[in-house]
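Inside the fold
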Amino acid sequence: LTGYSKNQIKTFDTKAAADFSKPEDLLSFQPKVLVVSPGIDLKTAWIEKLRHSGAQLTSELDLACQHLENEKVIGITGSMGKSTTTSLLAEAAKSIFGSTFAGGNLGFPLADYVCAVLENNRSRAEWIILELSSYQLENCEHLTTDVS
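Now for a quick tour of the structure. (Residues numbered from 1 in each chain as written. Predicted model: local features only at pLDDT ≥ 70, side-chain atom pairs only at ≥ 80, totals over all residues. Heavy atoms only, no water.)

Thoughts on the overall build of the protein chain
Cut-off, in case you're wondering: Each helix is a run of DSSP H or I of at least 4 residues and each strand a run of E of at least 2, with the numbering of both proceeding from the N terminus. Throughout this description, buried means an accessible area under 20% of the type-specific maximum (1.4 Å probe, protein chains only), exposed means over 50%, and partly exposed covers the range between. Residues count as neighbours in contact if any of their non-hydrogen atoms are within 4.5 Å of one another. A 1.4 Å probe and the Shrake-Rupley method give the accessible areas. Residues count as covered only by the protein chains that appear here. This count recognises Lys and Arg as positive and Asp and Glu as negative, with His and chain-terminal groups excluded. Charge coordinates come from a single atom per side chain, which is NZ of Lys, CZ of Arg, CG of Asp or CD of Glu.
Each helix and strand counted, the protein chain has six helices and five strands in total. In the protein chain, the succession of helices and strands from N to C terminus is α-β-α-β-α-β-α-β-α-β-α. Taken over the C-alpha atoms alone, the protein chain extends approximately 50 × 35 × 25 Å along its principal axes. For the protein chain, with 148 residues in total, the buried portion stands at 34%. Contacts in the protein chain between residues at least 24 apart in sequence constitute 61% of all its contacts with a sequence separation of at least 6. Approximately 9,200 Å² of the protein chain is accessible, and the part contributed by carbon and sulfur atoms is 51%. Across the protein chain, the centroid of the 13 positively charged side chains sits 4 Å from that of the 18 negatively charged ones.

Right under this line is the structure:
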């Protein structure tokens with residue numbers, strides 16, 4: 001997240017070590033942005049309460065998509081064959097174009113790619129091939145694909 005200091009960024013998890021483990025404690029912090037993990041029900045009462053208080057809901061994938069520039073994106077979703085299709089397309093793209101990134105719900109999150117690019121640890125890929133779960137898609141406003 002750009003525009004926020006490290007002391008403004010907090011974590012919440014009911015099952016693992018985090019800054020907050022109870023929704024009421026997170027609510028008292030009054031976050032402006034809530035990065036929700038895929039699969040978490042966005043209609044949960046405390047998430048709805050945050051949304052109605054003005055908090056923005058987003059996801060890892062959505063944050064990462066905001067930093068893409070000229071990369072061509074292929075998005076693969078569905079109930080069966082996503083991983084196989086993603087892997088095969090990634091290998092084909094790599095052999096033709098060289099500069100690719102494959103990930104999303106398979107392998108590395110898109111945020112890993114974006115961080116590496118922003119930290120100058122890798123160049124931008126010509127093609128990004130993403131396996132996308134239905135949970136990732138439900139909270140991803142900024143995802144634009146060239147091929148789906």
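Some remarks on the packing of aromatic side chains
Threshold: Centres within 6.5 Å are what make two rings of Phe, Tyr or Trp a pair, Trp counting through its six-membered ring; a difference in plane orientation under 30 degrees is then read as stacked, over 60 as edge-to-face, and the rest as tilted.
Under the definition given, this model contains four aromatic pairs. Summarising the aromatic geometry, the rings of Phe20 and Phe29 are spaced 5.5 Å apart at their centres and angled 45° between planes, so their arrangement reads as tilted. Centroid distance Phe101 to Tyr113: 5.1 Å. Interplanar angle 35°. Geometry classified as tilted. With Phe101 in strand β4 (residues 100-104) and Tyr113 in helix α5 (residues 110-118), this pair connects stretches of sequence that are twelve residues apart.

Re helix α4 (residues 82-97)
Residues lying three or four places apart along an α-helix face the same way, a consequence of the helix completing one turn every 3.6 residues. For the record, the criterion: Each helix should span, by expectation, one fewer than its residue count multiplied by 1.5 Å. What the arc describes is the spread of directions from the helix axis to the C-beta atoms.
For α4, with 16 residues, the first-to-last C-alpha span of 22 Å sits near the 22 Å given by 1.5 Å per residue. For α4, the complete set of buried residues consists of Lys82, Thr86, Ala90 and Ala93. Seen end-on, α4 carries its buried residues on one side only, within an arc spanning 70°. Opposite its buried face, α4 presents the exposed residues Thr84, Leu88, Ser95 and Ile96, each directed more than 90 degrees away. Residues of α4 that are buried sit in contact with β3 (72-76), β4 and β5 (127-131). Positive phi appears at Gly98, one or two residues downstream of α4, with a value of about 80°.

Focus on the environment of Trp127
As for its placement among the helices and strands, Trp127 is situated in strand β5. Sequence-wise, Trp127 and Thr100 are 27 residues apart; in three dimensions their C-alpha atoms are separated by 4.8 Å. Excluding residues within four positions of it along the chain, Trp127 makes contact with Lys72, Ile74, Phe97, Ser99, Thr100 and Phe101.

A word on the side chain of Thr58
Spelled out, the test is: Polar contact criterion, stated in full: a pair of N or O atoms within 3.5 Å, where within protein one must be able to donate a hydrogen and the other to accept it, and residues adjacent in sequence count only if both atoms are side-chain atoms.
Examined against the element boundaries, Thr58 turns out to sit in strand β2 (residues 56-58). Only 2.9 Å separates the side chain of Thr58 from the side chain of Asp62, close enough to count as a polar contact. Ignoring sequence-local partners within four residues, the contact set of Thr58 consists of Val33, Leu34, Val35, Val36, Leu63, Gln66 and Asn139.

Let's talk about the sheet that holds β4
Rule in force here: Note on pairing: two strands pair once DSSP finds at least 2 bridges between them. Note on method: axes are straight lines fitted to C-alpha atoms, helices fitted across the in-contact stretch only, with angles between N-to-C directions ranging 0 to 180 degrees.
Reading across the sheet, the three strands line up as β3-β5-β4 and stay open at both edges, with parallel pairing between neighbours. Looking at strand neighbours, the two that pair on one side only are β3 and β4, the edges of this open sheet. With strand direction ignored, the average angle separating the axes of adjacent strands in the sheet is 15°. Both β3 and β5 contribute to a ladder of five bridges, which runs parallel.

What to know about helix α2 (residues 45-52)
Along α2, the residues that are buried comprise Trp46, Ile47, Glu48 and Leu50. Just past α2, the residue Gly54 takes up positive phi, approximately 105°.

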